[in-house]
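# Report on the structure
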There are 4 protein chains.
Amino acid sequence: MASVPAAAPSTAHGPDAPETLAEAWSRIRGLSERLAAPLAPEDQVVQTMPDVSPTKWHLAHVTWFFERFVLPQAVPGYETRDERWHYLFNSYYHTVGEMHARPRRGLLSRPTVAEILDWRAQVDAAMAPVLARAEEDAELAFLVTLGLNHEQQHQELLLTDIQHVFWSNPLGPAYDPGLPVPPSRQAPALTWHEHPGDDVHIGADAAQGFCFDNETPRHAVRLRPHALASRLVTNAEFQAFIDDGGYRNPALWLSDGWAQVQSEGWTTPLYWSQDRQEVFTLGGWRDLDPHAPVSHVSFYEADAYARWAGARLPTEAEWEAAADTQAVQGNLLEAGWLTPAAATAPGLTQLFGDVWEWTSSPYMAYPGFRPLAGSLGEYNGKFMCNQMSVRGGACLTSGDHLRASYRSFFYPHQRWQVLGFRLARDLD
Amino acid sequence: MASVPAAAPSTAHGPDAPETLAEAWSRIRGLSERLAAPLAPEDQVVQTMPDVSPTKWHLAHVTWFFERFVLPQAVPGYETRDERWHYLFNSYYHTVGEMHARPRRGLLSRPTVAEILDWRAQVDAAMAPVLARAEEDAELAFLVTLGLNHEQQHQELLLTDIQHVFWSNPLGPAYDPGLPVPPSRQAPALTWHEHPGDDVHIGADAAQGFCFDNETPRHAVRLRPHALASRLVTNAEFQAFIDDGGYRNPALWLSDGWAQVQSEGWTTPLYWSQDRQEVFTLGGWRDLDPHAPVSHVSFYEADAYARWAGARLPTEAEWEAAADTQAVQGNLLEAGWLTPAAATAPGLTQLFGDVWEWTSSPYMAYPGFRPLAGSLGEYNGKFMCNQMSVRGGACLTSGDHLRASYRSFFYPHQRWQVLGFRLARDLD
Amino acid sequence: MASVPAAAPSTAHGPDAPETLAEAWSRIRGLSERLAAPLAPEDQVVQTMPDVSPTKWHLAHVTWFFERFVLPQAVPGYETRDERWHYLFNSYYHTVGEMHARPRRGLLSRPTVAEILDWRAQVDAAMAPVLARAEEDAELAFLVTLGLNHEQQHQELLLTDIQHVFWSNPLGPAYDPGLPVPPSRQAPALTWHEHPGDDVHIGADAAQGFCFDNETPRHAVRLRPHALASRLVTNAEFQAFIDDGGYRNPALWLSDGWAQVQSEGWTTPLYWSQDRQEVFTLGGWRDLDPHAPVSHVSFYEADAYARWAGARLPTEAEWEAAADTQAVQGNLLEAGWLTPAAATAPGLTQLFGDVWEWTSSPYMAYPGFRPLAGSLGEYNGKFMCNQMSVRGGACLTSGDHLRASYRSFFYPHQRWQVLGFRLARDLD
Amino acid sequence: MASVPAAAPSTAHGPDAPETLAEAWSRIRGLSERLAAPLAPEDQVVQTMPDVSPTKWHLAHVTWFFERFVLPQAVPGYETRDERWHYLFNSYYHTVGEMHARPRRGLLSRPTVAEILDWRAQVDAAMAPVLARAEEDAELAFLVTLGLNHEQQHQELLLTDIQHVFWSNPLGPAYDPGLPVPPSRQAPALTWHEHPGDDVHIGADAAQGFCFDNETPRHAVRLRPHALASRLVTNAEFQAFIDDGGYRNPALWLSDGWAQVQSEGWTTPLYWSQDRQEVFTLGGWRDLDPHAPVSHVSFYEADAYARWAGARLPTEAEWEAAADTQAVQGNLLEAGWLTPAAATAPGLTQLFGDVWEWTSSPYMAYPGFRPLAGSLGEYNGKFMCNQMSVRGGACLTSGDHLRASYRSFFYPHQRWQVLGFRLARDLD
């Protein structure tokens, strides 16, 4: 079985008792440490490209978040572990101070993993009374919940980053050599789920529970008549694109995408072996499953495939309108596969989990969007340029972290996340 | 008076007689050569950065367009001047063959300016019978018109590029030392033009006259209640932003914009002197006119200014809805200033001419968009990623080339075009 | 019998009993591990620039040397630990196979430190019978001795590299916080040691004990009348050069040196604080000792200082002629300071230890030079271009590793080694 | 009186009458303009890599030399053409002021060719009385002669640079399409010219006529017994090296050379066609002459070939000792081929002309070297690092500009000059 224990909220208390903040804290903070546990200290230092952060940096940064944004206000007299660590572990919050340059995160051997784990324990202890108090203080509860959601985001990054670290090593070590392999099964035939076109509402209502600022405000969007593919594009389907010369035909590509293909020499998705028989996973090198969703493709590759297939990518509104009708379930972190798996059923499926789905929508502010006040306004809003919205989470995302309205975003050339896509097409 | 003679269509024939293709050909092709006429051969070779193309490359490329896309089909047996020139002067049409790398355009001393002018004459001669025939052949007429509109786009580029070439030279030569200077006058106070919000139609109806494929199809867009600034942001207003530390305050900037400010060391718009007293123009170094629209700013700077001002940039739909009610007139190429000038009247003004206006809209396909068939499909569609829509033309744009639905597009960091902006804000 | 002189031979055996190879093996191999012992596993992974290698890479590479060049021939049937490790830990021996790119050594978290130490133990065990046999086999003894000298070179690199790693960390950790600080004492006044000029012999006689191929053949060189400074240039003296605008005066610099100063923004030696009051050492940040030799300067800086001082750098022949008369003793690794220290006596001093001394001699083949046969010919000869000879060892060099004829070499821009200089001048 | 020997002195005056400075001025300055005459203005602007300068930059820079170093002192009240041109046309004399960055020389369209020729005429006129006066003023005569030798150096650069410009153009234009082709003839068999080894004197005696400072002082050097190849290595011989896998065998290369081969993808000398049948010359693309000397090879290639051939490159002292016995004649600029040609006779030949010969000697100061006083000290001395001495001039060098003691120098990776080599070997 999967060595990543899931901590489903339902196990901790009755179906009607909502999880307390202290319970959530313990569950989520503990998961970070369990995810790092299989790694040697050496593994936790390395940064193989600027997009990747070292494991121990993730463990520290999420802790800094609480020490910077919660503890000073919530615990008068709280003494920071080391003022200089704020410089090291600030990611991109320019309004709270200077920071260590991102591409140089892998040059830091200190603080060590042990020192960071010790710091985590110190912050855990300091937060305990805060969590209790936050049950009665909505603003404080929001900050804590934001911090825990932030930590869940970094749990996913921790895994995607260590995958890149191990893939960059000619020895190809596995994060977990005993990781179970999803059964390979014929993916159901692709069908098209039609939508007549209409005004729909997308986005989150902040009054209905936690959401990020970039999901708000909920607003109406007019959809055109369209159809969504019932499932994700598979490895076998993407192989056909490659076999047809997809990576060599400029007519299929956006201009920037073609430039990227040329300069990077792309001929397959990231993590595929040159002979296209194997793929590098958190379980090490494995046979490529033709039925599993293709993953680790850029927006450019998704877009080129869609053009080749005579289709297009869905807009984020189209995607959300479909997802809004479904429960958040699928091949998520709790499933323990840690890799995309073939669809198991006909019907509109794989909306949540497996791979983040590229949409055709630039990641932009919703009409009337207001970022969080203060420095936390830097969390999401300042990235609303040059990136594309991705939806639905992946096999490395915690299920309780997702919503239909959840928006993540990446640059169109990025591939190191678990990124795939489904097709859409106009109806008319 | 301005040394760039305008060739207004009305001078060539009566108010009711539409211009023939032959007349348009003569007028537009001749303008290219008149625009290059003040330049020494040496000036026409230089490329000061990858975005810039040498003057003689522009003169050749627009000619290649006809030799590649019109003459082979229209004139059986037409003999190309030199097959190798197709390699040199293809810009980005991968589907018709390989091409010389863009950043190396300035390494080509041959063919000389004289050889290119001779080639232009050869193509002019070969096209003469084609133009006559095209009056009866709508498809051919479209190709010719497309080629002439293409040449008009490169006329503007020719001017913006030579401005960069001269600015890069410590001697600061003027394109035209006798260029008249617009009178400096107090810009009218900024007022807000409100729109209640509603469904509007934007985009071009291809049946109503020439347009580019990226303007189609015409479609409905719902506008939210908003207001547009009556005029463009001025140099004086932008100075206030700088004086207030605008370039030093990360809270005002998109993440990618702030990175750009840091890496490029931006502290003013392009072409300003360090002391912010002077600006480099096609007429050489001049005193900065506080009342003229700020220009040569990136999207990032426009966006940061808007945030600082408590406003936002308009969407392209908001802009087009406003522009659709106005005649295409303003400080355009025909005015002969070749530089932005202060607004002269109250009311919604400066929509056309002066500067291209950054919008908040990523340059994307309209719903149902179909690129032109064949290789000309590479004209616009493949750039629909990573760029922002700009609207309204500039003081270097020919008036007969513009429409309210006209969409141009640039990367958010680019500044060498005549790029400015107006503010917008939500009403609620 | 190959003899590896011990730095402290008296402790291991009587004054007349030469150290056995097994004793040398144990002493030298053990030192590598003792030098790494103060480091956390995290410290041993990081590579802060291409010149730097991770500690664990050094520990592995010197072991690979034996597994690649000694064990296959010496122990029939020897089974390598992992064939893929040869790819990872080959440094630059192209004739024995491909290798991992040098700038990517810091991307390898595996094998871990523990695995490498285990590999070292395996190789130690396999070598035990070989060492005994080598006492009777001169060729084998040479290979073993070469490998041990190679390991001593990497011991020095291990220390210089970890110094760079710790300096790159804003926390400025110390390799050894308890490292003793040399007493600061007034350096003796600089005097000039004259040489009348004459034919001298330099280089090593390979029959007289171990030496590297690049020290051979011993040959005559004609010296001109000259004088050598009695001691190294001090921090205080170099401060005077800086105070006099040394880093801002192009007239003092070689062309390539001035370009380096400009592009890198050099204003002090490496490891100095900006205020020139402190210096980063293996013991952490310390007050700069004005009397200690300046170190971590490039050839360019040494050359510029010499020009400013109206002197020049010595040739390597001048240096060797002087050093040939002296015992190998001074502030070497065994002294335990691990940092340069002020000269203590008048007379020609500091020739060995403290800092490697830049000479004015390009590192070139001696007349009649022949590299070692086979792949070990790649050890030294192929670097005889673009580098300068440095002489005398440093405070991180084992004393028994040095000789007057010993030649090391670095690119003129490099500063991360313990590099300083003494002055020379012509007599006439 | 300073004497600039004419290549064809018999035409200007009797065999015993030395050329006057005015005659030399007219001859040499005129040649610069004749060499540029076949070029269009467009050709004279382009810079295809940082090593290359535009033709018009050369024409201006050599004129700046006189306006900067001669006219202000020699003609009180002389008015410079334009103070800003000093910034543009200073090459590397930091002590006389700031300068335009070398890689940006090709971005300057102004001043135009015509303006520069006009400036040349102005300086010619201003210099006329100075030349007359210099006949009686040794110091002034030296400055003028230095300036004229400087101009001769740039005449060679003008030709090598325009060759690179034309080669970079896919059209491959010829500098002179009517350039005569040297007859291809079997090169004489290579023989070895032995030298017993002895003290020889090399370098120039400044009292014996014009020389550059880097040729002084004349001094004794001890040569070892050695032999020099009778002629240069030919294209056919270099082909054999390539056929034997020379470019693919790391054992033949210096470490930096192999890195260069890998990063640049070198598989032939510069200017060869990929199929190794043709070579690009100032006369355009031509069949490769197997008997002609190989040229446009780097030091690395010369060194690798020598190692492959079981030989070595000569030292500059060995070369000079041999050349000192010969008249300065050969395939020089005056021959009019402008390309290397096969040796025509047995015996030690091709020492002057054809190609500059790489030596194994780093370009260093001779013992006791003193650079020229003042800013002209920047002429040669500051380049005495990282470069190799080359000797003998090439087919683009004026014969009266050369001497046996003449030293030029290039970085070991450079190939755009007319660089070849002859072999040497030790005798023992």
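Cut-off values and rules
- Residues numbered from 1 in each chain as written.
- Chains lettered and ligands numbered in written order.
- Predicted model: local features only at pLDDT ≥ 70, side-chain atom pairs only at ≥ 80, totals over all residues.
- Heavy atoms only, no water.
- Helix = DSSP H or I, 4+ residues; strand = E, 2+ residues; numbered from the N terminus.
- Rg over C-alpha atoms; globule rule 2.2 N^0.38 Å.
- Buried < 20%, exposed > 50% of the residue type's maximum accessible area, 1.4 Å probe, protein only.
- Contact = heavy atoms within 4.5 Å.
- Least-squares fit on C-alpha atoms with pLDDT ≥ 70 in both.
- Buried area = accessible area lost by both parts, 1.4 Å probe.
- Salt bridge = Lys/Arg side-chain N within 4 Å of Asp/Glu carboxyl O.
- Polar contact = N/O pair within 3.5 Å; in protein donor to acceptor, adjacent residues only side chain to side chain.
- Nonpolar A, V, L, I, M, F, W, Y, C, P; charged D, E, K, R; others polar.
- Patch = residues over 30% accessible without salt bridge, like charges linked within 9 Å, V, L, I, M, F, W, Y side chains within 5 Å.
- Areas by Shrake-Rupley, 256 points an atom, 1.4 Å probe, with all protein chains shown as cover.
- Lys, Arg positive; Asp, Glu negative; His and termini not counted.
- Charge placed at Lys NZ, Arg CZ, Asp CG, Glu CD.
- Pairing = 2+ DSSP bridges.
- Domains from an automatic or database assignment.
- Axes fitted to C-alpha atoms, helices over the stretch in contact; angles between N-to-C directions.
- Phe/Tyr/Trp six-rings, centres within 6.5 Å; stacked < 30°, edge-to-face > 60°.
- Lys NZ or Arg CZ within 6 Å of the ring centre and 35° of its normal.
- pLDDT = per-residue confidence, 0-100.
- Parallel < 35°, antiparallel > 145°, perpendicular 65-115°, else oblique.

## Things to note about the overall build of chain A
- Helix and strand counts for chain A stand at 10 helices and 11 strands.
- Over its C-alpha atoms chain A spans a radius of gyration of 21 Å, differing by no more than 12% from the 22 Å that the globule rule assigns to 428 residues.
- Its C-alpha atoms give chain A principal-axis dimensions of roughly 65 × 50 × 40 Å.
- A total of 428 residues make up chain A; the buried ones form 63% of that total.

## A few points about unusual backbone geometry
- The linkage connecting Arg110(A) with the following residue, Pro111(A), adopts the cis geometry, with an omega of -5°.
- Positionally, Pro111(A) belongs in the loop between α4 (83-89) and α5 (113-134).
- Backbone geometry at Gln350(A) places phi at a positive 60°, although glycine is not the residue there.
- Even without a glycine there, the phi angle at Asn386(D) is positive, about 75°.
- As for its position among the elements, Asn386(D) is in the loop between β7 (356-362) and β8 (388-391).
- You can call Asn386(D) buried: its relative accessible area is 17%.

## Things to note about the arrangement of the chains
- Across all C-alpha pairs, the smallest distance from chain B to chain C is 15 Å, and the two are not in contact.
- The closest approach of any C-alpha atom in chain A to one in chain D is 15 Å; the two make no contact.

## With respect to the relation of the copies chain C and chain A
- Each copy superposes on the other: chain C lies on chain A with an RMSD of 0.0 Å after a rotation of 180° and an axial shift of 0.0 Å. Expressed as an axis order, the relation between the two copies is that of a two-fold axis. In terms of C-alpha distance to the rotation axis, chain C has Glu42(C) as its closest residue, with the C-alpha 2.6 Å off the axis.
- The fraction of interface residues of chain C whose copies in chain A are also interface residues reaches 100%, indicating that both copies meet through the same surface.

## Observations concerning the interface of chain C and chain D
- Contacts between the two partners involve 29 residues from chain C, matched on the other side by 29 residues from chain D.
- Summing the contributions of chain C and of chain D, the shared interface buries around 2200 Å²; its carbon and sulfur component is 58%.
- Interface area lost by chain C to chain D is led by Asp256(C), Cys385(C) and Asn386(C), which between them contribute 20%.
- Applying the counting criterion to the chain C and chain D interface returns two salt bridges.
- Among the ionic pairs, Arg222(D) bridges to Asp199(C), the shortest N-O distance being 2.9 Å.
- Counting the contacts that link chain C with chain D gives 10 residue pairs in polar contact (both at pLDDT 80 or more).
- Mapped onto the side of chain C that touches chain D, the elements with two or more residues apiece are β3 (219-223), α9 (255-264), α10 (299-308) and β7 (356-362) of chain C.
- Across the side of chain C that touches chain D, the residue classes tally to 16 nonpolar, seven polar and six charged.

## Here we look at a negative patch on the surface
- A contiguous patch of negative charge, built from Glu23(A), Glu135(A), Glu136(A), Asp137(A) and Glu139(A), is present on the exposed surface.
- Accessibility expressed as a relative area gives 64% for Glu139(A), which makes it exposed.

## Quick word on the side chain of Arg110(C)
- Here Arg110(C) shows up in the loop between α5 (83-89) and α6 (113-134).
- At a separation of 2.6 Å, a polar atom in the side chain of Arg110(C) contacts the side chain of Asp43(A).

## Comments concerning the sheet that holds strand β8 (residues 388-391) of chain B
Residue and element names in this part refer to chain B.
- Taken together, the four strands give an open sheet; going across it, the order is β9-β8-β7-β10, and neighbouring strands pair in mixed fashion. The sheet is open, and its two borders are formed by β9 (408-410) and β10 (419-420), each paired with just one other strand.
- As paired elements, strand β7 (residues 356-362) and β10 share two bridges and run parallel to each other. Counterpart to Trp356 in the pairing with β10 is Leu419.

## Observations concerning the domain arrangement of chain A
Residues and elements named next belong to chain A.
- Domains assigned within chain A are domain 1 (21-168) and domain 2 (192-426).
- The partner domain 2 presents 30 residues to the 31 residues of domain 1 that form the contact.
- Summed over both partners, the interface of domain 1 with domain 2 comes to about 2800 Å²; 63% of that surface belongs to carbon and sulfur atoms.
- Together, Glu156, Gln163 and Trp167 form the three largest contributors to the area buried by domain 1 at its contact with domain 2, with a combined 25%.
- The tally of links between domain 1 and domain 2 comes to one salt bridge.

## With respect to the environment of Pro170(B)
- Relative to the elements of secondary structure, Pro170(B) occurs in the loop between α6 (138-168) and β1 (192-195).
- Discounting residues that sit within four places of it in the chain, Pro170(B) has contacts with Arg84(D), Tyr87(D), Leu88(D), His100(D) and Leu108(D).

## Here's the deal with the interface of chain C and chain A
- Taken together, the 31 residues of chain C in the interface contact 31 residues of chain A.
- With both sides pooled, the region where chain C packs onto chain A buries about 2400 Å², and carbon together with sulfur makes up 61% of that total.
- Scanning the region where chain C abuts chain A turns up two salt bridges.
- Note that Asp43(C) and Arg110(A) form a salt bridge whose closest N and O atoms lie 2.6 Å from each other.
- Between the two partners, chain C and chain A, sit 10 residue pairs in polar contact (both at pLDDT 80 or more).
- Per-element accounting of the side of chain C that touches chain A gives the leading share, four residues, to α5(C).

## A closer look at the sheet that holds strand β1 (residues 192-195) of chain C
All names here are of chain C.
- Spatially, three strands are ordered β1-β4-β11 in an open sheet, and the strand pairing comes out antiparallel. Looking at the sheet topology across the chains shown, the edges are occupied by β1 and β11 (424-426). Mean inter-strand twist for the sheet, computed between neighbouring axes without regard to direction, equals 25°.
- The sheet contact formed by strand β4 (residues 226-229) and β11 spans three bridges and is antiparallel. Its bridge partner lying in β11, Leu228 is registered against Ala424.

## Here's the deal with the relation of the copies chain C and chain D
- When chain C is fitted onto chain D, the two copies agree to an RMSD of 0.0 Å after a turn of 180° and an axial shift of 0.0 Å.
- A share of 100% of interface residues in chain C that are also interface residues in chain D marks the association as one of identical surfaces.

## Some remarks on the packing of aromatic side chains
- As enumerated under the stated definition, the model contains 147 aromatic pairs over all chains in all.
- Relative to Phe69(A), the ring of Trp64(A) has its centre 5.5 Å away and its plane inclined at 75°; by these criteria the two rings are edge-to-face. Each member of the pair, Trp64(A) together with Phe69(A), is buried.
- Taking 4.8 Å as the distance between ring centres and 20° as the angle between the ring planes, the aromatic pair formed by Tyr92(D) and Tyr93(D) counts as stacked.
- Of the residues examined, Tyr92(D) reaches a relative accessible area of 23% and is grouped as partly exposed.
- It is Arg425(C) that lies over the ring of Trp192(C); its NZ or CZ is 4.3 Å from the centre.
- The ring of Trp57(D) carries the charged tip of Arg105(D) above its face, separated from the ring centre by 3.6 Å.

## A few points about α10(C)
All names here are of chain C.
- Along α10, eight of the 10 residues are buried, which leaves the element largely enclosed by surrounding structure.
- All buried positions along α10 are accounted for by Phe299, Tyr300, Glu301, Ala302, Asp303, Ala304, Tyr305 and Ala306.
- Considering only its buried residues, α10 is in contact with α8 (235-243), α9, β7 and β8 (388-391).

## Examining the pairing of strand β4 (residues 226-229) of chain D
Residues and elements named next belong to chain D.
- Residues His226 and Leu228 line one face of β4 and the alternating positions Ala227 and Ala229 line the opposite face, and both faces are buried.
- As paired strands, strand β1 (residues 192-195) and β4 are joined by four bridges and run antiparallel to one another. Bridged to Glu194 within β4 is Ala227.

## Brief notes about the confidence of the model for chain A
- Of the residues in chain A, 96% reach a pLDDT of 70 or more, and the chain-wide mean stands at 95.
- Here the predicted complex scores 0.95 on pTM and 0.95 on ipTM.

## With respect to the packing of helix α2 (residues 55-69) of chain B against α6(B)
Residues and elements named next belong to chain B.
- The N-to-C vectors of α2 and α6 enclose an angle of 170°; their axes lie 9 Å apart at closest approach. By the angle between their axes, α2 is roughly antiparallel relative to α6. Here Thr55, Trp57, His58, Leu59, His61, Val62, Phe65, Phe66 and Phe69 of α2 lie close against α6, whose contacting residues are Leu143, Val144, Leu146, Gly147, Leu148, His150, Glu151, His154, Leu157, Leu158, Asp161 and Ile162.
- Each residue belonging to the contact of α2 with α6 can be placed in one class, and the counts come to 13 nonpolar, six polar and two charged.

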